[in-house]
Amino acid sequence: MESLGLIGLAVAVITALVSLMVIATIGVKALRALRASWLKSHYRRIEPALEQYILTGLDQPELERLPSWQQDLFLSSLMVERLALLRGAGRDHLMRLAEDLGLVDRALSQLGSRRRWHRARAAEKLGYFGGARAAKPLGELLAAEDDETVRAVTARSLARIGTPEAVRILAGTLGDPSELTRLRVAENLERIGHPAVGPLVDSLAAPDLEAAQPHGAVLATRVLGNLRASEAREVLREAALNASVMDLRAQAVLALGRIGDPDDVPGLLEAAGDESWPVRAQAANALGMIGEVSTIPRLRELMSEGEWWVRMNASKALVNMGPAGEEALIEVLRGGDPYARDRAAATLESRGFVRRWTRQLSVEGRRGDRARTAVSALVEAGTTRHLHDLMETLPADEQRVLRGMLAEEQEPAK
Amino acid sequence: MNFNEVILAANYAILGYFFALNGFYLLLYAISFVEVLDYTRREVFGGYSELFASNYAPPISVIVPAYNEEATIAASVRSFLSLRYPVFEVIVVNDGSKDRTVEILLKEFDLRESDQPLRMQLETRPIRSVYASPTERLTLVDKDNGGKADALNTGICAANYPLVCCIDADIILEEDALLRVARPMIESKKVVAVGGIVRVANGCEVDSGRVVAVKTPRAALPNFQVVEYLRSFLAGRTGWSVLNSLLIISGAFGVFRREDVISVGGYLHDTVGEDMEIVTRMHRMLRENDRDYRISFVPDPVAWTEVPTTLRVLRRQRDRWHRGLIDTLIRHRKMLFNPRYGMVGTLAMPYFLLFELLGPVVELFGYIALVVGLTLGILDFEFAVAFFVAAVALGALLSVAAVFLEELRMRRYPRWKDVVKLTFYGVIENFGYRQLVTFWRVMAIVSFLRKNRDWGAMEHRGFDTEKTVERAGKGI
């Protein structure tokens, strides 16, 4: 009898739990629908007043009457949405409103909350309406915070604030142990733009950065390259040639290419002889970005490299150098290195050169001569598959000339 | 001990077993609830649009093994190419298809033969050709047939980027799926692999390779599987991930660090459970090398897959899954109850052995013993009710709790009708469907003992088409 009671109890408990789960599932959906409708009705009431404030900057009783928890719950969200888009007077009005309503003070105090999502939300808001005075507390949070999400949000907020102090803090955080935070810091420094260059150059020039924070140094280099920061050339040259971390050398070389100053060509040519192939590949890439025709012989040498990526970047660099580079690639087609020939042909094909030449095969004069020379180089190199593919797309005259050239096709040297 | 006592003892043992199993499940659920709650709160601050625009996110190679996929391959690849991620490439590995998979890809994407050498750091079947697109970040590797594992290994070798995302050719990825699934790896170098949730696409509206409206299927069979997937992914794998003991990353959608996959030797060819095997092997080797690592599961980056709609195909699928589980547990039996492998050796592996592998046997035996006991009058009505509570009612509770978790945090089913329907199926799947799957899984053990290593033919109906394709043999 006793066991029957226990079993009955177990059945009752399980049935109650299942029913509870079902009710909870339906209840959650219902509550969510109710909340959405409640928020919608409030937004409908508040939004006109907020818009009016943005336009005029005049006090709106509707906004001031809101209890502080409602200000924090949805007024601040509406303000953040607008601050993300606004510039000028409207933005200033909203920043002032945040100060006047005490939103900034409350967010600052929330930075010390024991609950991490409250800290994250406060940091997010301060990025929009905290202004210069929020930079220091956010910097302190960034240094002391354990949670990666909160750190990433804080980094983003500092970038939004964008004052010199905020930039200094961010540049000092490039070596953060979390890759996510480093990534956020880097992209935000890039977003800040020129004001970030000075602190980044200083941090890269610091003697211990590479050893202590190699990730930070690599990221600083990438940001400087993406910002095309010519002020950073000296420190980048130093990193490109003398850094012990291979990634740093490669990124510095690429950054110099992005900056695109011809005075850096000698350094890049030296980097093209680096012991690591990624650095050589980036050197080829960088030389292509600068586009100095005097570097063509070296790029042709790189076309015969053992590493595919170096050959690939060298061929891309040459093809970007106009007629002289095109000529160099045709010469490569006639060379003795089958891998270099294949790469040159693939680059010329993918950039549409081969298509263009085949359409000029029956043209009289220099243009036609050049096209015939180039196509005959492709035929000699044995890289004729694309020519066969193009045959049917050509006008009758060009088809006839191409057929004649292909008829003389030798067995590929390869 | 006479026969009656044996039956009685067996029934009590089985009853205890069910309480232990479901108690453990409830514990896992509690962990998953907390984790999913945390995940969804963190998502608010995800900043995915910034991550998408970032120059600094690590690039990903998406690897798509394809075997006789002519019906869907072009649409699938097009949808993969339109994913939102800063820098990624798509590598399709044609595993010796007998249909027009290669021709369709060559034509649709204007692919040309490429001279790019592949870094063959894993052993694979011979490669016939490599093609690249002049405009898209798309590579096609055409190779001899060697099975899914071999195709994945080839793709991993062909990958140019440090992260590799292995997916099935017939799944639909949500636009932001790569951003979300890569995030744990961006957050921490310790994370070596991440699995994403796979959901059931049957019933959903699909347009141009994208799920545009999430709905439940009409038929009962796929609805049961929707609940199963929610229970397994949302409640189960999330919990295991928190314990850093996740043993399976679905073959349909997972991201790995390329160097780690290569260092453990890539996917194994001679198993039908290559997705579980590789994750278990990663645990084993990383722990043996004293690496501080994590294998994570993210409950939100959604891959949609079509589940079987007939009992015949579903049986084959479950048979293969269970044989894969047995094979993995046997291969890595050294890890079982071995504290050297931490939580994986002392908790996850024993759980999979005792509850996942042997669970169906115990359950089936329990049903038989119950019937025998009741028929012979050895067991009374009270015991039958207790058995029902332990085996069925607790199961219903777990299923309904999974639907609750889905509605509480993930909210993928916007219609009231679908939520009610899933709750309903969560209850009734325990009356018939569950017992059927249990029987199939027991038969899978028999099939394994008979050394059956076949994949079994699967049917695939394209998402945008009514055409049904039969994929058989050593397929994917």
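Residues numbered from 1 in each chain as written. Chains lettered and ligands numbered in written order. Predicted model: local features only at pLDDT ≥ 70, side-chain atom pairs only at ≥ 80, totals over all residues. Heavy atoms only, no water.

Chemist: Just checking my understanding: could you explain the overall build of chain B for this structure?
Modeler: When helices and strands are counted, chain B shows 15 helices and 14 strands. Relative to a compact globule of 476 residues, whose C-alpha radius of gyration would be 23 Å, chain B shows 23 Å and is just as compact. The buried share among the 476 residues of chain B stands at 64%. Considering only intrachain contacts with a sequence separation of at least 6, the fraction spanning at least 24 residues in chain B is 79%. For chain B, the accessible surface area stands at approximately 17500 Å², while carbon and sulfur atoms represent 57% of it. (Helix = DSSP H or I, 4+ residues; strand = E, 2+ residues; numbered from the N terminus. Rg over C-alpha atoms; globule rule 2.2 N^0.38 Å. Buried < 20%, exposed > 50% of the residue type's maximum accessible area, 1.4 Å probe, protein only. Contact = heavy atoms within 4.5 Å. Areas by Shrake-Rupley, 256 points an atom, 1.4 Å probe, with all protein chains shown as cover.)

Chemist: Honestly, the overall build of chain A in this entry has me stumped. Any pointers?
Modeler: When its secondary structure is counted, chain A shows 25 helices and 0 strands. Whereas a compact globule of 414 residues would reach a radius of gyration of roughly 22 Å, chain A reaches 32 Å, over 25% beyond that. Across its three principal directions, the C-alpha atoms of chain A cover 95 × 65 × 55 Å. Classification of the 414 residues of chain A by burial places 51% in the buried group. Sequence-distant contacts, at least 24 apart, represent 64% of the contacts inside chain A between residues at least 6 apart. Of the roughly 19200 Å² of accessible surface on chain A, a fraction of 53% belongs to carbon and sulfur atoms. One finds the centroid of the 53 positive side-chain charges in chain A at a distance of 7 Å from the centroid of its 56 negative side-chain charges. (Lys, Arg positive; Asp, Glu negative; His and termini not counted. Charge placed at Lys NZ, Arg CZ, Asp CG, Glu CD.)

Chemist: Looking at this structure, how should I read the packing of helix α1 (residues 3–43) of chain B against helix α7 (residues 220–242) of chain B?
Modeler: Residue and element names in this part refer to chain B. Two elements in contact, α1 and α7, have axes whose closest approach is 8 Å; the angle formed by their N-to-C orientations is 85°. Comparing the axis directions of α1 and α7 gives the class roughly perpendicular. Only Arg231, Leu234, Ala235, Gly236, Thr238, Gly239, Trp240 and Val242 of α7 make contact with α1, whose side of the interface consists of Phe24, Leu28, Tyr29, Ile31, Ser32, Glu35 and Val36. (Axes fitted to C-alpha atoms, helices over the stretch in contact; angles between N-to-C directions. Parallel < 35°, antiparallel > 145°, perpendicular 65-115°, else oblique.)

Chemist: When you look at the interface of chain A and chain B in this model, what are you seeing that I'm missing?
Modeler: Interfaces are often sized by the amount of accessible area the parts lose when they come together. On the side of chain B, 49 residues touch chain A, which itself brings 51 residues to the contact. Carbon and sulfur atoms make up 63% of the surface buried where chain A meets chain B, a total of about 4400 Å² over both sides. We note a salt bridge from Glu407 of chain B to Arg32 of chain A, for which the minimum N-O separation is 2.8 Å. Counting every contact that joins chain A to chain B gives 7 residue pairs in polar contact (both at pLDDT 80 or more). Counting residues per element, the ones that place at least two in the side of chain A that touches chain B are α1 (2–56), α6 (116–129), α8 (148–161), α10 (179–192), α13 (214–226), α19 (308–319), α21 (338–350) and α24 (385–391) of chain A. (Buried area = accessible area lost by both parts, 1.4 Å probe. Salt bridge = Lys/Arg side-chain N within 4 Å of Asp/Glu carboxyl O. Polar contact = N/O pair within 3.5 Å; in protein donor to acceptor, adjacent residues only side chain to side chain.)

Chemist: Any chance you could explain the pattern of salt bridges here in plain terms?
Modeler: Close approach of charged atoms allows side chains with opposite charge to pair. Taken as a whole and assessed by the stated rule, the structure comprises 58 salt bridges over all chains. The salt bridge involving Asp72 of chain A is made with Arg106 of chain A; its shortest N-O contact spans 3.0 Å. Placement of the pair is Asp72 of chain A in helix α3 (residues 68–83) and Arg106 of chain A in helix α5 (residues 103–110), with a sequence separation of 34 residues. The class of Arg106 of chain A is partly exposed, set by a relative accessible area of 24%. Of the charged contacts in the structure, one is a salt bridge between Asp150 of chain B and Lys143 of chain B, with a shortest N-O distance of 2.6 Å.

Chemist: How do you make sense of the nonpolar core when you look at a structure like this?
Modeler: Counting residues in each nonpolar core, the largest one holds 287 residues, and the members touching the most others are Trp357 of chain A together with Val92, Phe253 and Phe256 of chain B. In terms of residues, this core owes the most to one element, helix α13 (residues 381–410) of chain B, which gives 19 residues. The contacts of Phe256 of chain B, once residues within four sequence positions are left out, are Pro162, Leu163, Val164, Cys166, Met185, Val192, Ala193, Ile249, Val261, Tyr267, Ile278 and Met282 of chain B. (Core = buried A, V, L, I, M, F, W, Y, C linked by side-chain atoms within 4.5 Å.)

Chemist: I keep staring at the packing of helix α9 (residues 164–171) of chain A against α10 of chain A and nothing clicks. Help me out?
Modeler: Relative orientation and spacing of two packed helices are given, respectively, by the angle between their axes and the distance between those axes. Residue and element names in this part refer to chain A. The geometry of α9 relative to α10 is characterised by a closest axis approach of 10 Å and an angle of 145° between their N-to-C directions. Seen from above, α9 lies across α10 with left-handed handedness. Taken together, the residues of α10 that come into contact with α9 (itself represented by Val167, Leu170 and Ala171) are Val185, Leu189 and Ile192. Here the contact of α9 with α10 is built from residues that sort into 6 nonpolar, no polar and no charged. (Left-handed = near helix turned anticlockwise from the far one by under 90°. Nonpolar A, V, L, I, M, F, W, Y, C, P; charged D, E, K, R; others polar.)

Chemist: So what exactly am I meant to see when it comes to the pairing of strand β2 (residues 88–95) of chain B here?
Modeler: A regular strand places its side chains on the two faces of the sheet in alternate fashion. All names here are of chain B. With 8 of 8 residues buried, β2 lies mostly within the body of the structure. The two faces of β2 match: Phe88, Val90, Val92 and Asn94 on one face and Glu89, Ile91, Val93 and Asp95 on the other face are all buried. Where strand β1 (residues 60–66) lies against β2, 7 bridges are found, and the strand directions are parallel. Residue pairing in the sheet places Ile63 in a bridge with Ile91 of β2. (Pairing = 2+ DSSP bridges.)

Chemist: Before we go on, may I ask you to explain the packing of aromatic side chains in this structure?
Modeler: When we look at a pair of aromatic rings, we describe it by the centre distance and by the angle of the planes. All names here are of chain B. This structure, assessed with the given rule, holds 22 aromatic pairs over all chains. Aromatic pair Trp240 and Tyr351: ring centres 5.0 Å apart, planes at 55°, arrangement tilted. Remark: Tyr351 occurs in helix α11 (residues 342–357) and Trp240 occurs in helix α7; sequence separation between them is 111 residues. Assigned by exposure class, Trp240 and Tyr351 land together as buried. (Phe/Tyr/Trp six-rings, centres within 6.5 Å; stacked < 30°, edge-to-face > 60°.)

Chemist: Help me understand the confidence of the model for chain B in this model?
Modeler: Detailed reading of the predicted model is not advised wherever pLDDT is low. Residue and element names in this part refer to chain B. Model confidence for chain B is summarised by a mean pLDDT of 88, while 94% of its residues fall at 70 or above. Low pLDDT, under 50, characterises residues 465–476; the predicted model gives this stretch 43 contacts beyond four residues in sequence or across chains. In the predicted assembly, ipTM is 0.77 and pTM is 0.81. (pLDDT = per-residue confidence, 0-100.)

Chemist: Sorry if this is basic, but what is going on with the pairing of β1 of chain B here?
Modeler: Residues and elements named next belong to chain B. Taking burial as the measure, the 7 residues of β1 include 7 buried ones, the bulk of the element. Along β1, one buried face is formed by Ile60, Val62, Val64 and Ala66 and the opposite face, lined by Ser61, Ile63 and Pro65, is buried too. For the segment spanning β1, helix α3 (residues 73–81) and β2, crossover handedness is right-handed. Strand direction decides the pairing type here: β1 and strand β6 (residues 163–167), joined by 4 bridges, are parallel. Residue pairing in the sheet places Val62 in a bridge with Cys165 of β6. (Right-handed = clockwise from strand over helix to strand, strands pointing away.)

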